[in-house]
Amino acid sequence: MTRKPTARDPERATLDKAAGENFPVAPFFLPGAWRSDLMAVYGFARLVDDIGDGDLAPGGADARLLGVSPDDAEDRLVLLDAFEADLRRVFDGTPRHPLLRRLQPTVHRRSLPLEPFLGLIAANRQDQLVTRYETYDDLLAYCELSANPVGRLVLAVTGTSTPERIRRSDAVCTALQIVEHLQDVREDLGRDRIYLPAADMKRFHVQESDLAAPTAGASVRALVAYEAERARGLLNEGVPLVGSVHGRLKLLLAGFVAGGRAAIHAIAAAEYDVLPSPPKPGKPRLLREMGVTLRGEG
């Protein structure tokens, strides 16, 4: 379970959330320069999600750092606008927020583009305005903003971007986002968000009220199983990405795929009942999936 940021050190607490992700953020086996740069990118991605979800450190420290007045400190759209303005200072000035100051050397050292960062901010703006998705294609378009930029930044940090690798990476990142949505159905509903496509809910005869039940009924389980299989297919589509690189980067990318596969296994082991609590994989399963992924198996 990740810790909520504290007023004392919002930067450190945001970075500490890396331990609770489904995938390795900057594991020990990577070169030190890569780890530092990946953590800088993670700090940005985690903070923008925390702004969008209302999970910032108590006391308004982040709002003050971004130059947002106390009157607007709870307005997520205002905070996201201020965060975007500070992001742009990363590229042509001096940012205010310490996580963006941490990111600035990485951006310049790795020649990272602005667009993936803007995509992540756009996704969180969308979360304030769009709470339901009619079709699977609508959800994929959201993942193009909310998830795929992360993989593209990983490839850019490691200097391995190619059109084919980006395509495979997008598949993996979208899958990881879908899996996270499946794990967090109840939490998302508490924020008045549903990432299960409405067309699929209708197909499986699932009502919104069914998602608020203490445990999932047969229809909800069937729907979750269907979406989990879609995510599994996307992960399998991304497996060639792992085989296209070598050395420590291969281990990192295998960890992304394996993390998603292990999470899907945990969901299946819970018989697709994701409502009591988010199903999480154990380390043995993750290691097993790492082996499968490194061998290039589906």
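Residues numbered from 1 in each chain as written. Predicted model: local features only at pLDDT ≥ 70, side-chain atom pairs only at ≥ 80, totals over all residues. Heavy atoms only, no water.

So, about unusual backbone geometry. Here His 205, not a glycine, exhibits a phi torsion of approximately 60°, which is positive. Examined against the element boundaries, His 205 turns out to sit in the loop between helix 11 (198-203) and helix 12 (218-243). The exposure class assigned to His 205 is exposed, which follows from its relative accessible area of 61%. For Glu 271, which is not a glycine, the phi torsion comes out positive at approximately 55°. For Glu 271, the position within the fold is in the loop between helix 13 (247-269) and helix 14 (283-294). Given the relative accessible area of 54%, Glu 271 is considered exposed. (Helix = DSSP H or I, 4+ residues; strand = E, 2+ residues; numbered from the N terminus. Buried < 20%, exposed > 50% of the residue type's maximum accessible area, 1.4 Å probe, protein only.)

Within this structure, the stated rule accounts for seven aromatic pairs. An aromatic cluster is built from Phe 44, Phe 83, Phe 91 and Phe 117, whose rings are joined through pairwise contacts. A cation over an aromatic ring shows up here: Arg 203 above the ring of Tyr 226, its NZ or CZ 4.7 Å from the ring centre. In this structure, Arg 230 packs its charged tip against the face of Tyr 136, placed 3.7 Å from the ring centre. (Phe/Tyr/Trp six-rings, centres within 6.5 Å; stacked < 30°, edge-to-face > 60°. Lys NZ or Arg CZ within 6 Å of the ring centre and 35° of its normal.)

What follows deals with the packing of helix 7 (residues 136-146) against helix 8 (residues 148-157). Helix 8 packs onto helix 7 with a crossing angle of 40° between their chain directions and a minimal axis gap of 4 Å. Classified by the angle their axes make, helix 7 and helix 8 are oblique. Here Cys 143, Glu 144, Leu 145 and Ser 146 of helix 7 lie close against helix 8, whose contacting residues are Asn 148, Pro 149 and Arg 152. Classifying every residue of the contact of helix 7 with helix 8 gives three nonpolar, two polar and two charged. (Axes fitted to C-alpha atoms, helices over the stretch in contact; angles between N-to-C directions. Parallel < 35°, antiparallel > 145°, perpendicular 65-115°, else oblique. Contact = heavy atoms within 4.5 Å. Nonpolar A, V, L, I, M, F, W, Y, C, P; charged D, E, K, R; others polar.)

Take helix 2 (residues 32-53) next. With 22 residues, helix 2 should reach 32 Å at 1.5 Å per residue; the first-to-last C-alpha distance of 31 Å fits that figure. Of all 22 residues that make up helix 2, 17 are buried, and the element is covered over most of its length. Directly after helix 2, the chain includes Gly 54, whose backbone phi takes a positive value near 75°. (Expected span 1.5 Å × (residues − 1).)

Moving on to empty space enclosed by the protein. For the structure on display, the rule yields two cavities of 30 Å³ or more. If you add up the space inside the largest cavity, you get close to 50 Å³. Contributing to the lining of the largest cavity are His 181, Val 185, Asp 188, Leu 189, Arg 193, Ile 194, Tyr 195, Leu 196 and Leu 211. Ranked by the residues each element gives to the lining of the largest cavity, the list is headed by helix 10 (residues 185-190), at three residues. In terms of residue class, the lining of the largest cavity is made up of six nonpolar, one polar and two charged. Approximately 30 Å³ is the volume attributed to the second largest cavity. Lining the second largest cavity are Leu 139, Ile 178, His 181, Leu 182, Tyr 195, Leu 196, Pro 197 and Glu 227. Of the residues forming the lining of the second largest cavity, the biggest block, three residues, is contributed by helix 9 (residues 163-183). Looking at the lining of the second largest cavity residue by residue, the class counts come to six nonpolar, one polar and one charged. (1 Å grid on protein atoms, 1.4 Å probe; cavity = no way out; pocket = protein on both sides within 12 Å on 5 of 7 lines; lining within 4 Å. Points joined across faces, edges and corners; volume = space filled by probe spheres on them.)

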